[in-house]
Amino acid sequence: MKGIILAGGAGSRLSPMTSYVSKQLLPVYDKPMIYYPISTLMLAGIREILIITLPAEKDLFQKLLGDGKQWGIHFEYATQPIPEGIPQAFLIAESFIGNGNVCLMLGDNLLYGQGLQTLLNQAIRHHKHGATVFVYPVRDPERYGVITLDDQDQPVSIKEKPQHASSNLAIIGMYFYDKQVIEIAKQLKPSARGELEISDVNQHYLSHKQLHVMKLGRGMAWLDTGTPEALLDASNFIHVIETRQGLKICCPEEIAWRLHYIDDQQYEYLATQQGKSFYGKYLLNLLTMKTAHET
């Protein structure tokens, strides 16, 4: 399975912060926002990732991330000239996707929780065809695409930002699709908002009984960092967890090292490239502890 991170969009809800830089390059506590969806895809075992940006910001993402080789993965880049909705990503990525399955993740979504890697791996193992979406209970479902399930946890309906929601289960910004998604996206018509809607893609799979749903439990955290308040909440959340545990969340260097995408030598090199930062010291400390444990 290949991965796509949609890191385009105007980011108007975060203006004026986004008047000069993409919101996915803004910090969420101690690392750029884009690190979080990258880390999630890496935990899922996805090593080929297309990053879709606005044309003016492509060079900034390439300067930050390179080709991914340093983390044992591979990045490609494409541009979204005019943001026209989430499904536009599949039209831009048609040649990248090819005939395989794909995971699309929004660049401003953050996932964290014990068992996340197991859940992602389980989803990929069972995803042979159709679509798989992930849902999370929220107290303000009118802000999201909402799915209603029956007594057997099977999907019944999908509503985009309903005024009176029949469910509190929001579909989060991570989606698994088979190759059908490209043709489905080509057939979509813009909504009243003038955009292609991801809910229409999911509705197509639902109507053909090919939509699978996976719930994120109470031990999981899903944060959408698209507003100033949400961005602050995410930063505070990461700060509290990292400070209490002494472990970093969504650190691509550590994930690549623990998954054996890179060896100790490459890992040490990446750590030293962080200079005297706490981030670099953290990476080196992990290596020191590993070495001490082995001797």
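Further up the page is the structure itself.
We now turn to the structure provided with this report. The structure presented is a predicted model; accordingly, all values stated were derived computationally and were not measured.

With that settled, the discussion passes to the overall build of the chain. A count of helical and extended segments in the chain gives 11 helices and 13 strands. In terms of its C-alpha atoms, the chain occupies a principal-axis envelope of roughly 60 × 45 × 40 Å. Relative to its 295 residues, the chain shows a buried fraction of 52%. Sequence-distant contacts, at least 24 apart, represent 75% of the contacts inside the chain between residues at least 6 apart. Summed over its atoms, the accessible surface of the chain is roughly 14600 Å², and 51% of this surface lies on carbon and sulfur atoms. Across the chain, 27 positive and 30 negative side-chain charges occur, with their mean positions spaced 2 Å apart.

So, about the side chain of Ser39. Along the chain, Ser39 falls in helix 1 (residues 35-43). Setting aside its immediate chain neighbours within four residues, Ser39 contacts Cys250, Cys251, Pro252 and Ile255.

Another point: the pattern of salt bridges. Within the structure shown, the criterion is met by 14 salt bridges. Notably, a salt bridge pairs Lys215 with Asp153, separated by 3.2 Å at the nearest N-O pair. Taken together, the residues span a long stretch of sequence, with Lys215 in strand 12 (residues 211-215) and Asp153 in the loop between strand 9 (145-149) and strand 10 (155-160) at a distance of 62 residues. What makes Asp153 partly exposed here is its relative accessible area of 39%. For the salt bridge of Lys186 with Glu183, the shortest nitrogen-to-oxygen distance reads 3.4 Å. Highlighted residues: Lys186 and Glu183, both in helix 6 (residues 180-187), separated by 3 residues, approximately one helical turn.

Our next topic: the nonpolar core. Among soluble globular proteins, nonpolar side chains are generally buried collectively. One finds Ile38, Ile51, Leu65, Trp71, Phe75, Phe134 and Met174 to be the most contacted residues of the largest nonpolar core, which totals 66 residues. When residues in this core are grouped by element, the largest group, 6 residues, is from helix 1. Ignoring any residue separated from it by four or fewer positions in sequence, one finds Phe75 in contact with Ile38, Ile49, Ile51, Leu65, Gly66, Asp67 and Gly68.

Another point: the state of the cysteines. Here a disulfide denotes a covalent bond joining the sulfur atom of one cysteine to the sulfur atom of another. Counted according to the given criterion, the structure contains 0 disulfides. Cys103 takes part in no disulfide bond, and the closest cysteine sulfur to it belongs to Cys250, at a distance of 14 Å. Cysteine Cys251 shares no disulfide, and the gap to the nearest cysteine sulfur, in Cys250, comes to 9.2 Å. Take Cys251: its relative accessible area is 1%, and that puts it in the buried class.

Below, the discussion takes up the packing of helix 10 (residues 264-272) against helix 11 (residues 278-294). Put simply, helix 10 and helix 11 touch, their axes get as near as 8 Å, and they point 150 degrees apart. Considering the angle they form, helix 10 stands roughly antiparallel to helix 11. Considering how the two elements wind past one another, helix 10 and helix 11 form a crossing that is left-handed. Across the interface between the two elements, Asp264, Tyr267, Glu268, Ala271 and Thr272 from helix 10 touch Gly280, Leu283, Leu284, Leu286, Leu287 and Lys290 from helix 11. Tallied by class, residues from the contact of helix 10 with helix 11 come to 6 nonpolar, 2 polar and 3 charged.

Take Thr53: it is sitting in strand 4 (residues 48-53). Not counting the four nearest positions on each side in its chain, Thr53 is found in contact with Ala7, Gly8, Lys58, Phe61, Ala78, Thr79 and Gln80.

As a further point, take the pairing of strand 11 (residues 169-177). When a strand is regular, its side chains alternate between the sheet's two faces. Among the 9 residues that make up strand 11, 9 are buried, leaving the element largely enclosed by the rest of the structure. Inspection of the sheet shows strand 6 (residues 102-106) paired to strand 11 by 4 bridges, in the antiparallel sense. Across the sheet, the residue bridging to Leu104 is Tyr175, located in strand 11. Pairing analysis gives 6 bridges linking strand 8 (residues 131-137) to strand 11, with the strands arranged antiparallel. Considered in strand 11, the bridge of Thr132 is made with Phe176.

With a probe scaled to a water molecule rolled over the atoms, the places where space remains empty come into view. Estimates place the volume of the largest pocket at around 950 Å³. Lining the largest pocket are 36 residues, with Arg13, Ile86, Leu106, Arg193 and Glu195 sitting closest to its centre. Within the residue set of the lining of the largest pocket, elements represented by two or more residues are strand 11, helix 7 (198-207) and strand 13 (220-224). Per-element tally for the lining of the largest pocket: the top contributor is strand 11, with 4 residues. Within the lining of the largest pocket, the residues separate by chemical class into 12 nonpolar, 14 polar and 10 charged. Roughly 490 Å³ of internal volume is contained in the second largest pocket. Contributing to the lining of the second largest pocket are 20 residues, with Leu43, Tyr112, Lys248, Ile249 and Cys250 lying nearest its centre. Mapped by element, the contributors of at least two residues to the lining of the second largest pocket are strand 7 (109-113), helix 5 (116-126) and helix 9 (252-258). Tallied by class, residues from the lining of the second largest pocket come to 11 nonpolar, 6 polar and 3 charged.

Calculation notes
- Residues numbered from 1 in each chain as written.
- Predicted model: local features only at pLDDT ≥ 70, side-chain atom pairs only at ≥ 80, totals over all residues.
- Heavy atoms only, no water.
- Helix = DSSP H or I, 4+ residues; strand = E, 2+ residues; numbered from the N terminus.
- Buried < 20%, exposed > 50% of the residue type's maximum accessible area, 1.4 Å probe, protein only.
- Contact = heavy atoms within 4.5 Å.
- Areas by Shrake-Rupley, 256 points an atom, 1.4 Å probe, with all protein chains shown as cover.
- Lys, Arg positive; Asp, Glu negative; His and termini not counted.
- Charge placed at Lys NZ, Arg CZ, Asp CG, Glu CD.
- Salt bridge = Lys/Arg side-chain N within 4 Å of Asp/Glu carboxyl O.
- Core = buried A, V, L, I, M, F, W, Y, C linked by side-chain atoms within 4.5 Å.
- Disulfide = S-S within 2.5 Å.
- Axes fitted to C-alpha atoms, helices over the stretch in contact; angles between N-to-C directions.
- Parallel < 35°, antiparallel > 145°, perpendicular 65-115°, else oblique.
- Left-handed = near helix turned anticlockwise from the far one by under 90°.
- Nonpolar A, V, L, I, M, F, W, Y, C, P; charged D, E, K, R; others polar.
- Pairing = 2+ DSSP bridges.
- 1 Å grid on protein atoms, 1.4 Å probe; cavity = no way out; pocket = protein on both sides within 12 Å on 5 of 7 lines; lining within 4 Å.
- Points joined across faces, edges and corners; volume = space filled by probe spheres on them.

These figures capture arrangement, not role.
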